[in-house]
Every structure is written in structure tokens, then in C-alpha cells.
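# Coordinate analysis (summary)
Residues per chain are reported as follows:
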Amino acid sequence: MDLKLSRAEETPAEREAIDMLLGSPAGAAAGRDLLLPCLLSVQGRIGWVSEGALNYTCKRLDVAPAEAFGVASFYRMIALSPRPPVMAYVCEDLSCRLQGSDSICRELERRLGPPAPHHGEGSFLWQRSACLGQCDRAPAALVAHSGPVPHTAALPQASLSTLMASISGRSLSPSPGGEPRIPQFGKPGLRLLRRAGRIDPGSLEAYRAQGGGQALARALELGPAGVIAEVEASRLLGRGGAAFPTSRKWEAVARSSVHPRYLVCNADESEPGTFKDRVLLEEDPFALVEGAVIAAFATGCERGYVYVRGEYPRAAERLEQACAEAHAAGMLGPRILGQEFSFDLEVRRGAGAYICGEETALFNSIEGFRGEPRSKPPFPVTAGLFGKPTVINNVETLACIPEIVREGGAAFAAVGTRDSAGTRLFCLSGNIQRPGIYEVPMGTPLRSLLEEAGGPPPGRKIRAVLLGGAAGTFLGPGDLDLPLSFEATRAAGATLGSGAVIIFDDRADLRDSLLRLAAFFREESCGQCVPCRVGTVRQEEVLKRWLEEPRGDAAARELLLREIAQAMRDASICGLGQTAAAAVQSALLKLDLVRDSG
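Before going into details, it helps to say that this report is about the structure given with it. Per chain, the residues get numbers from 1 upward, laid out in the order the sequence is written. Per-residue local features of the predicted model are confined to residues with pLDDT of at least 70, and side-chain atom pairs are confined, for both listing and counting, to 80 or more; whole-chain, interface and lining totals are unaffected and use all residues. The basis for the side-chain values is all heavy atoms of the structure; hydrogens and waters are excluded.

This part covers the overall build of the protein chain. Numbered from the N terminus, helices here are DSSP runs of H or I no shorter than four residues, and strands are runs of E no shorter than two. Counting its secondary structure elements, the protein chain contains 25 helices and 13 strands. For the radius of gyration, the atom set is restricted to C-alpha positions; the globular benchmark scales as 2.2 Å times the number of residues to the power 0.38. Here the C-alpha radius of gyration of the protein chain, 24 Å, is about what a compact globule of 598 residues would show, namely 25 Å. Projected onto its principal axes, the C-alpha positions of the protein chain cover 70 × 65 × 45 Å. We call two residues in contact when some of their heavy atoms are within 4.5 Å. Partitioning the contacts of the protein chain with sequence separation of at least 6, the portion at a separation of at least 24 is 71%. Using a 1.4 Å probe, accessible areas were evaluated by the Shrake-Rupley method; residue-level cover was limited to the displayed protein chains. Counting only carbon and sulfur atoms, one obtains 52% of the accessible surface of the protein chain, whose full area is about 22700 Å². In summary, the charge assignment counts Lys and Arg as positive and Asp and Glu as negative, without counting His or the chain termini. Here the site of a charge means atom NZ of a Lys, CZ of an Arg, CG of an Asp or CD of a Glu. Computed over 66 positive and 70 negative side-chain charges, the separation of the two mean positions in the protein chain equals 2 Å.

Quick look at the structure:
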């Protein structure tokens with residue numbers, strides 16, 4: 001390509017950051033799919049991506065500079081203007097707000113000045129952030145130190161003092177409160193969580209000692225068709241929110257005559273209130289690797305990617321280590337376990353974009369384009385990653401596979417309800433005594449789940465529950481006997497979504513939470529389609545006026561909000577726009593916030 005580059009030159013450190021990833025410039029040209037990894041490498045080394053670094057990246061990857069700029073400017077965790085070497089992200093989403101993150105932000109602003117993009121003179125910068133996936137340990141922060149050995153650390157249960165210590169480099173590891181919170185630790189009957197917290201997550205030997213690896217050996221005995229038959233018998237529905245039958249998706253790819261085929265694991269869980277993938281990846285990464293290898297075997301995929309959200313540095317590191325160990329042990333790579341089956345798995349890191357949890361946006365991100373959703377059809381099973389047949393499942397779905405293959409699909413289907421088989425992970429946070437990740441049979445009443453987590457704080461009453469995350473539905477105290485199954489929630493006009501369960505007690509400021517939800521969708525809309533880009537802005541404007549000036553024409557404002565919601569639901573091209581008004585609409589319907597605001 002005849003590239004038209006500016007005269008800006010890269011620095012030696014920027015060149016080194018890119019060459020470390022791509023190898024010598026004398027080698028063969030690298031593919032565009034390495035654009036985001038290159039940008040992240042420079043961001044980690046320097047703290048921002050200069051025009052010279054962008055030019056050098058374009059030359060190495062043969063990408064037009066305008067396109068590279070469009071990609072770099074798409075992600076929240078990539079800076080295109082000078083930044084100091086330390087960046088602190090403080091979560092301001094629902095669960096963290098309930099635990100006082102806004103007070104931390106106000107105090108930071110008083111002491112240090114406004115958040116980014118304000119550029120201070122110091123050695124660090126801070127900014128408010130969308131959900132960091134540490135909701136069980138709220139309030140949470142993330143501190144990134146750039147340099148020759150970049151380091152990013154989550155800071156759960158953050159306070160002003162611990163945050164300042166982490167920013168100054170005095171306390172990075174281990175993070176206070178950083179160990180996993182698994183309230184059900186040791187409880188009989190756990191499936192997905194049975195190894196979490198019990199074994200060394202970095203040891204393949206420890207994984208095998210607890211039954212790990214048996215499912216892969218069994219799968220090779222069953223053959224691809226036999227594995228798919230077991231998954232069909234299990235009646236496993238995808239755990240990412242869409243609840244699509246997993247076996248049907250696998251069959252479609254397995255029947256294809258096109259090669260290569262890809263397997264993609266969506267570990268970009270960015271739904272506020274959701275952190276189950278983080279716990280699985282951090283505490284039992286080999287289960288995900290084994291599930292992915294079995295899925296690839298069943299569907300004939302030659303290569304796979306796990307796309308981990310950028311806010312999960314520990315999860316990505318542990319998964320990379322698990323992949324390396326599995327490769328060394330013959331569970332990944334050529335001739336897996338001596339069979340005529342080869343498969344490789346690569347970890348890719350996101351850079352802060354909620355929309356990349358949408359499957360086609362994720363494909364674009366891996367391929368080196370802006371993480372914007374594609375129109376469907378064609379669906380991923382026929383034209384997914386790189387235009388090839390692709391199986392895409394989320395972490396929890398793939399983590400179910402070893403259990404299904406080892407024990408049989410019928411055993412999996414014996415748990416739960418007829419239309420919602422198996423167990424499900426739920427992420428409890430907010431005003432609850434024992435926040436954390438819980439595994440219960442599908443169909444368990446919401447009230448039982450809340451009781452297992454200790455219920456609301458002593459002396460308080462539950463005012464509302466947000467089920468399914470920001471794109472989910474508010475439930476009131478009268479809805480607590482709702483069975484947590486796909487069919488029951490659907491019938492009730494709700495959704496299990498990502499498994500997020502955020503509890504609000506009678507002290508919670510629900511108006512503040514609702515405004516934050518509206519702001520979240522306005523910020524996270526990729527802007528590609530008009531109904532979502534404009535609708536999320538208008539929704540926030542109308543809601544703000546309504547809740548802050550309750551004396552206006554309530555009926556007219558409610559009607560306007562409904563019309564905006566309808567337009568986004570009907571005309572947006574992806575799930576973000578289609579569900580951006582769901583929580584707001586349910587809150588107005590069930591919680592009567594306008595009356596309470598008067």
C-alpha cells in the first residue's frame with residue numbers, strides 16, 4: 001500500500017515496543033490483526049501513542065494512518081495525547097457508587113484536580129471509569145504503570161489512601177482484598193466453581209489432580225459427532241445473555257465445508273455488575289482451555305482466540321500461562337494428545353470498549369478494525385472472524401463443556417428446569433451482606449439466592465434488584481419469588497442477561513443509579529447507527545430533566561421516553577441500542593421513581 005505518512009518519527013522506545021511484538025522489520029509483513037496489540041504495546045511502554053508511533057505501526061502493518069487513528073481513538077484505554085506514566089481508573093458504575101466510589105472521586109478531584117482529559121503537571125493522572133468488573137469488592141480502581149516492564153493492577157475495596165499508595169508505586173502487589181471472594185467455597189454440589197479457590201490456578205498438575213483433562217480424553221474417544229450429541233443432550237443454552245442452543249451453533253459450523261474455521265471465546269464481559277468470567281479465568285483457567293479445545297475438536301476449528309477485556313490484567317496473565325502449560329503438555333498445538341487433531345489458542349486483550357462484548361464488534365476488534373458491530377445476516381457460523389465459519393461462546397458456556405463431556409449430557413440436563421438446564425453463575429453486588437459469585441441450579445428463586453448471600457444489611461429492606469446488568473430489568477420487592485430460569489424471566493418481562501444481580505436497599509438513591517445507567521449507554525454507544533447514537537443522548541437528557549425537575553409534564557416526558565426506547569429497540573443494529581432503555585423503562589414502570597423524587 002502506498003502510505004501517506006506525516007513526518008513524525010517514532011522514538012527508540014516506541015520502536016522497541018512494536019518490534020518486540022512483531023519481530024525484526026526485516027521479516028515478513030505482519031497482518032492487520034496485530035494493530036490493537038501493537039497499540040497496547042506502545043501504550044504500556046510509553047503511556048500514550050504518539051503520531052510517530054502510529055506512523056511506525058502503519059509501516060509495519062501496511063495500514064493507512066487514517067484507519068489506524070480511527071482504531072486507536074476508539075478505545076478508552078489508549079491515549080493519543082501525552083500522559084504521565086501512571087494512570088488510575090476509578091469505577092463510577094452502580095455497585096461501586098453504592099459503596100462510595102463517588103466520594104473517592106470527589107476527594108481525588110479536590111486534592112489532585114479534575115479527572116482526565118485534564119492534563120496536570122504530576123507523574124500520574126486519574127479518570128472516572130465504567131465498570132471494572134470488581135463489583136464484589138467495590139469500590140474498585142485500576143492503576144496502570146507504563147514503562148519497560150508495564151504493570152496494571154486492580155485495586156479492590158479501594159480507599160483514598162490505598163489508591164494514593166498504589167499510584168505512587170508503594171503498594172501494587174498483592175492488592176488488598178485482591179483474593180477471590182467465593183462465598184460458597186467448599187459447598188457440595190458445585191460444578192463450575194468446584195476448583196475455584198481450592199487449587200493453584202497456575203498448575204496444570206493441580207488441575208489434573210482434580211479431574212481436569214479427563215473430558216478432553218473422553219471427547220477424543222467420542223469423536224466430533226459424539227461430542228455434539230452430548231452437548232445437545234445437555235440442552236445447554238449460551239450463558240452470554242442470548243440463550244442460544246450451543247449444540248445448534250456447533251452443528252452449523254461442523255457442517256460447513258469452508259476452512260479455516262475459528263473458535264472465539266468472548267471474555268469481554270463489560271456488563272456493569274458482572275464479574276463471573278474474571279473469577280473463572282483467574283481461578284480455573286485450565287477449565288476454559290479444556291472447554292475450548294473440546295469445542296474446536298467437535299466443530300473442526302483450527303485456531304482460536306480468547307478476547308479478554310483490558311480491565312482484567314490478572315485474568316489475561318493466568319490464561320496466557322495456562323495456554324503455555326497446556327501447549328507444553330500436548331493439550332494445545334499439533335497432534336493434541338497424539339491424535340490427528342491440531343488446534344492453537346491465542347489470548348487477545350481488549351482496550352476498554354463495552355461494545356466489543358457484541359460478537360461481531362469483537363471480530364472487528366480482533367481483525368484490527370474499530371470495534372463496531374456488523375449487520376446480520378450473515379451470522380458468525382457462516383461468515384464470522386476473517387469472514388470464515390466461527391464458533392463464538394462466552395467463558396461460562398465453554399467452562400460447562402468439560403463437565404458435560406465427562407459426566408454425560410443427560411446428567412447435566414438433570415439439574416435445573418426443562419427449558420433451562422444445568423447450574424448458572426450469578427454475580428451479586430450492591431447492598432448485600434456477602435457479595436460475590438454464586439452457583440445455583442437454574443430455576444432457583446431469586447429470594448433463595450439473596451438469602452444465600454445473607455440478604456440486605458441488618459435493619460435494611462430490599463427496595464429493588466437490577467437483574468441482568470445495565471441492559472437488564474429492575475425488579476421490585478414483590479418480584480423476589482421469580483424463578484431464575486430463561487423461561488420464567490422471559491414470561492415476567494425480565495432477563496437473566498449476564499447473570500448480574502445488583503441489590504438496592506431502602507437507603508439507595510435510585511434516581512442517581514438510573515441517571516448513571518443512562519450516562520453509561522450514552523458513553524458506550526459506538527455511534528455507528530443513528531437510533532442508538534442519538535437515542536442514548538436524548539434518553540439521558542429527558543430522564544435528567546424528569547428526575548431533577550419533577551414538576552414538569554410527567555405524562556409527556558414518559559411518553560417521550562417510551563418513544564425513544566421504541567425507536568432504539570426497533571432500529572438499532574445491535575443489542576446495545578436495542579436494550580439501552582430496558583432498565584430505565586422497567587424502573588419507571590415498577591419503582592415509581594418520579595413520585596418519590598417529588
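Pairing between strands is defined by DSSP: at least two bridges between the two strands are required. In space, the four strands of this open sheet follow the order β2-β1-β3-β4, with mixed pairing throughout. With partners counted over all chains shown, the strands left at the sheet margins are β2 (124–129) and β4 (151–155), one partner each. Going across the sheet, the axis of each strand differs from the next one's by a mean of 15°, ignoring polarity. In this sheet, strand β3 (residues 141–145) lies alongside strand β1 (residues 86–91) in antiparallel orientation, the contact comprising five bridges. By the bridge assignment, Y89 is partnered in β3 with L142. Sheet strands touched by helix α7 (residues 160–167): β1, β2, β3 and β4. Its angle to β3, the strand with the most contacts, is close to 15°. Think of each axis as a best-fit line through the C-alpha atoms, taken over the contacting stretch in the case of a helix, with angles from 0 to 180 degrees between the N-to-C directions.

Among the nonpolar cores identified, the biggest contains 89 residues, and Y75, F474 and F504 are the most heavily contacted of them. Of the residues forming this core, the biggest block, seven residues, is contributed by helix α20 (residues 510–524). Put simply, a nonpolar core is a bunch of buried Ala, Val, Leu, Ile, Met, Phe, Trp, Tyr and Cys residues held in one set by side-chain atoms that sit within 4.5 Å of each other. Each residue is placed in one exposure class: buried if its accessible area under a 1.4 Å probe, protein chains only, is under 20% of its type's maximum, exposed if it is over 50%, and partly exposed if it falls in between. One finds A196, V279, C400 and I401 within the second-largest nonpolar core, a separate group that totals 71 residues.

Before going further, it helps to spend a moment on the sheet that holds strand β13 (residues 500–505). The strand order β10-β9-β13-β11-β12 describes an open sheet built from five strands, whose pairing is mixed. Where the open sheet ends on each side, the last strands, each with one partner, are β10 (436–441) and β12 (473–475). Averaged over all pairs of adjacent strands, the angle between strand axes in this sheet comes to 30°, irrespective of strand direction. Looking at chain direction, strand β9 (residues 423–430) and β13 are connected through four bridges and run parallel. Looking at β13, one finds that L428 is bridged to V501. Along the sheet face, helix α24 (residues 582–590) touches β11 (462–467) and β12 and points at about 25° away from the line of β12.

Tracing the sequence through the fold places S203 in the loop between α7 and α8 (204–209). Those residues in contact with S203, other than ones at most four positions away along the chain, are F286 and E325.

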